[in-house]
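Residue-level structure breakdown
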Amino acid sequence: LTEYFTLSNDVQIHKLGFGTWQIPDGDDTYNSVTTALKLGYRHIDTARAYENEASVGRAVRDSGIPRDQIFITTKLPAEVKDYDQARATFEESSSLLDLGHVDLYLIHAPWPWAEQGKDYSEGNIAVWTAMEELYEAGRVRSIGVSNFSVADLESLTASTRIRPQVNQIRWFIGNTQDETTAYCEANDILVEGYSPLATGAILDNPQVRKIAEQYGKTVAQVCIRYLLEKDVLPLPKSTTPSRIAENADVDFVLKPEDVTFLDGLTDTTA
Ligand code: A2P
């Protein structure tokens, strides 16, 4: 919780973040984020589309923790592919969070959710221009993308000035997105992994359990540790205080042969 990755622009980002996808706004988000902050998490990941930014912001403000000790990520909705709308939508997120600057602002996806896979290169370049301006104005400390493939990254970076500092993708044992991950690593783009527990679907996997038992750890802890072994930033989500604590207790090292074994697993959510 106190270790950092360093982004390509030298901004430091806490190695373990707290994901808030699918946590309802109001008390659920407020209480989970409050618990996470009490347990030592200092990196909270939200999005306009999660509709819980206001509760995230309130929990951070009420925590009394100095703003500069907390890292806040939010995201521009996938449907927004227009410069003016991007600027206006950022202002909405900014005022809902009410935390001053945003630490990391991401394009939520390369295409609107209803049109997955379609080519929105032009729209992504338009909104990226807005994000570059927010970055240069100091409204956001770093900028990046989410759910981008290598082709999406290449078409964006070919026509824009600032390279994304982060790509947040769905990443867990058995779903390691090797091509995108290698491309990001080669281009100094930090990979963040959302759903490191496959939204819970991996937790009954007998092979991961076997490894977990050898270390006296839970399956969730091995899943999160695996991302850290790969220099991928895990963003586990939970609304259960004991699990929020468990997911942060990952200060152990997986042996190389166990990492190799986990590398070979496929269909981990079957
Ligand atoms: P809950 O929020 O009810 O505690 P992911 O991070 O991959 O999106 O997974 C989130 C899902 O996994 C949620 O359903 C969450 O349930 C569950 N979960 C999170 N941490 C743990 C844990 N340590 N043990 C078991 N289930 C967990």
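Residues numbered from 1 in each chain as written. Predicted model: local features only at pLDDT ≥ 70, side-chain atom pairs only at ≥ 80, totals over all residues.

**What about the site of the ligand?**
- The local shell around the ligand holds 18 residues, among which Leu 197, Gly 200, Ala 220, Ser 238 and Thr 240 are the closest.
- Its residues placed into classes, the shell around the ligand shows 6 nonpolar, 9 polar and 3 charged. (Near = placed C-beta within 6 Å. Nonpolar A, V, L, I, M, F, W, Y, C, P; charged D, E, K, R; others polar.)

**Observations concerning the UniProt feature "domain: NADP-dependent oxidoreductase" (unreviewed entry) in the protein chain**
- Per the UniProt entry, the sites bearing "domain: NADP-dependent oxidoreductase" (unreviewed entry) are residues 15-265 in this numbering.
- The annotated region residues 15-265 carries 43% helix and 13% strand content, and the separation between its end C-alpha atoms amounts to 24 Å. (UniProt positions renumbered as here; feature names shortened; annotations may be inferred. Helix = DSSP H or I, 4+ residues; strand = E, 2+ residues; numbered from the N terminus.)

**Some points on the environment of Trp 21**
- With respect to the helices, strands and loops of the structure, Trp 21 is situated in the loop between strand 3 (18-19) and helix 1 (27-38).
- Sequence separation between Trp 21 and Asp 45 is 24 residues; the distance between their C-alpha atoms is 8.1 Å.
- Excluding anything up to four places from it in sequence, Trp 21 contacts Tyr 50, Tyr 194 and Lys 237. (Contact = placed C-beta atoms within 7 Å.)

**Digging into the nonpolar core**
- With 63 residues, the main nonpolar core has Val 33, Leu 76, Tyr 105, Val 127 and Cys 223 as its most contacted residues.
- Here this core takes 8 residues from helix 8 (residues 219-229), the largest share from any one element.
- Setting aside chain neighbours within four positions, we find Tyr 105 in contact with Thr 74, Leu 76, Phe 90, Met 131, Leu 134, Val 140 and Ile 143. (Core = buried A, V, L, I, M, F, W, Y, C linked by C-beta atoms within 7 Å. Buried ≥ 20, exposed ≤ 12 C-beta atoms within 10 Å, placed from the backbone.)

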